[in-house]
Amino acid sequence: MIIRDGSLGDVPAVLGMFDSAVAWLTAGGRTGQWGSRPFSTDPARVERVTSWAMTDGMRIAEIDGEPAGCMVLGPPLDYVAPAPEPEIYIRGLVIDQRFRGRGVGAALLERASAEAAEQGIALVRVDCYAGDDGRLVKYYESQGFTRTETFRVGEWPGQILETRLSAGN
């Protein structure tokens, strides 16, 4: 697996990742996170992914030359208060379900921590959907993140999680 910077040319692949994730979640009866409509058919979501690709924060994980996952780093989203210290914030993380179970998410999260360490930053934060069965929050906890604040965007329940890098990282 390699992780590289993303670009506008990655937008179709990233939309495909989101579409595969929505289909997988919907098949499991978990539509609260992103609904049941493919991202690629929603102009606002296409615009969001395109805007991510125009920043220097998009990272693409590839397996055998195929885009397998995407992470976007940048400032916290509007509904999250900035940290009182420098941070790396994970604005988005999605895995193409064809590569599920191959460590793509873990590799991208490790990349975020590595970038934080390179910049001398000790805090990495992410927010995620906290509804349905809570599996997404538990996933981040399994990757070393701890819960901090909860929030709501309308009826959408969210959880902010963080991990701190030790001085030796």
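Just above sits the structure.
Not measured: the values here are computed from a predicted model. (Residues numbered from 1 in each chain as written. Predicted model: local features only at pLDDT ≥ 70, side-chain atom pairs only at ≥ 80, totals over all residues. Heavy atoms only, no water.)

## Focus on the side chain of R45
- Looking at the secondary structure, you find R45 in helix α2 (residues 43–53).
- Buried charge without a salt bridge: R45, with D42 as the nearest opposite-charge side chain at an N-O distance of 4.1 Å.
- Not counting residues up to four positions away in its chain, the partners in contact with R45 are L15, W34, R37 and F39. (Helix = DSSP H or I, 4+ residues; strand = E, 2+ residues; numbered from the N terminus. Buried < 20%, exposed > 50% of the residue type's maximum accessible area, 1.4 Å probe, protein only. Lys, Arg positive; Asp, Glu negative; His and termini not counted. Salt bridge = Lys/Arg side-chain N within 4 Å of Asp/Glu carboxyl O. Contact = heavy atoms within 4.5 Å.)

## Describing the environment of V14
- If you trace the backbone, V14 turns up in helix α1 (residues 11–27).
- Among residues more than four places away in sequence, those in contact with V14 are V49, M58, I60 and C70.

## A short note on the packing of α1 against α2
- Running from N to C, α1 and α2 cross one another at 130°; their axes reach a closest spacing of 10 Å. The angle between the axes of α1 and α2 places the two elements in the oblique class. In the packing of α1 onto α2, the handedness of the crossing is right-handed. Of the residues in α2, those in contact with V11, V14, L15 and F18 of α1 are R45, V46, V49, T50, W52 and A53.
- A per-class count over the contact of α1 with α2 returns eight nonpolar, one polar and one charged. (Axes fitted to C-alpha atoms, helices over the stretch in contact; angles between N-to-C directions. Parallel < 35°, antiparallel > 145°, perpendicular 65-115°, else oblique. Left-handed = near helix turned anticlockwise from the far one by under 90°. Nonpolar A, V, L, I, M, F, W, Y, C, P; charged D, E, K, R; others polar.)

## Regarding the packing of aromatic side chains
- If you walk through the whole model with that rule in mind, you get nine aromatic pairs.
- Here the aromatic rings of F18 and W52 are separated by 6.2 Å at their centres, their planes lie at 40°, and the arrangement is tilted. Taken together, the residues F18 in helix α1 and W52 in helix α2 connect sequence positions 34 residues apart. Residue F18 shares its accessibility class with W52, and that shared class is buried.
- Ring centres 4.9 Å apart and planes at 25° place the aromatic pair Y79 and F151 in the stacked group. Here Y79, found in the loop between β3 (66–74) and β4 (87–95), pairs with F151, found in strand β6 (residues 146–153); they are 72 residues apart in sequence, far enough to count as distant. (Phe/Tyr/Trp six-rings, centres within 6.5 Å; stacked < 30°, edge-to-face > 60°.)

## Side note on the sheet that holds strand β1 (residues 2–5)
- Overall, mixed pairing links the seven strands, which are arranged β1-β2-β3-β4-β5-β7-β6 in an open sheet. At either margin of the open sheet sits one strand with a lone partner, and together these are β1 and β6. Pairs of neighbouring strands in the sheet enclose a mean axial angle of 30°, with direction left out of account.
- Pairing geometry for β1 and strand β2 (residues 58–63), over four bridges, is antiparallel. Bridge assignment links R4 to a residue of β2, and that residue is I60. (Pairing = 2+ DSSP bridges.)

## Quick notes on the layout of surface pockets
- Its volume calculated, the largest pocket comes out at about 1100 Å³.
- Lining the largest pocket are 43 residues; nearest its centre among them are Q33, W34, L93, L136 and Y140.
- Put simply, the parts of the chain that give the lining of the largest pocket at least two residues each are α1, α2, β4, α3 (104–118), β5 (123–129) and α4 (135–142).
- When residues of the lining of the largest pocket are assigned to their parent elements, the largest contribution, six residues, is made by β4. (1 Å grid on protein atoms, 1.4 Å probe; cavity = no way out; pocket = protein on both sides within 12 Å on 5 of 7 lines; lining within 4 Å. Points joined across faces, edges and corners; volume = space filled by probe spheres on them.)

## Observations concerning the environment of A122
- Tracing the backbone through its elements, the reader meets A122 in the loop between α3 and β5.
- According to the relative accessible area criterion, A122 is partly exposed, its value standing at 29%.
- The spatial distance from the C-alpha of A122 to the C-alpha of G6 is 24 Å, given a sequence separation of 116 residues.
- Setting aside residues up to four positions removed in sequence, A122 forms contacts with T163, R164 and L165.

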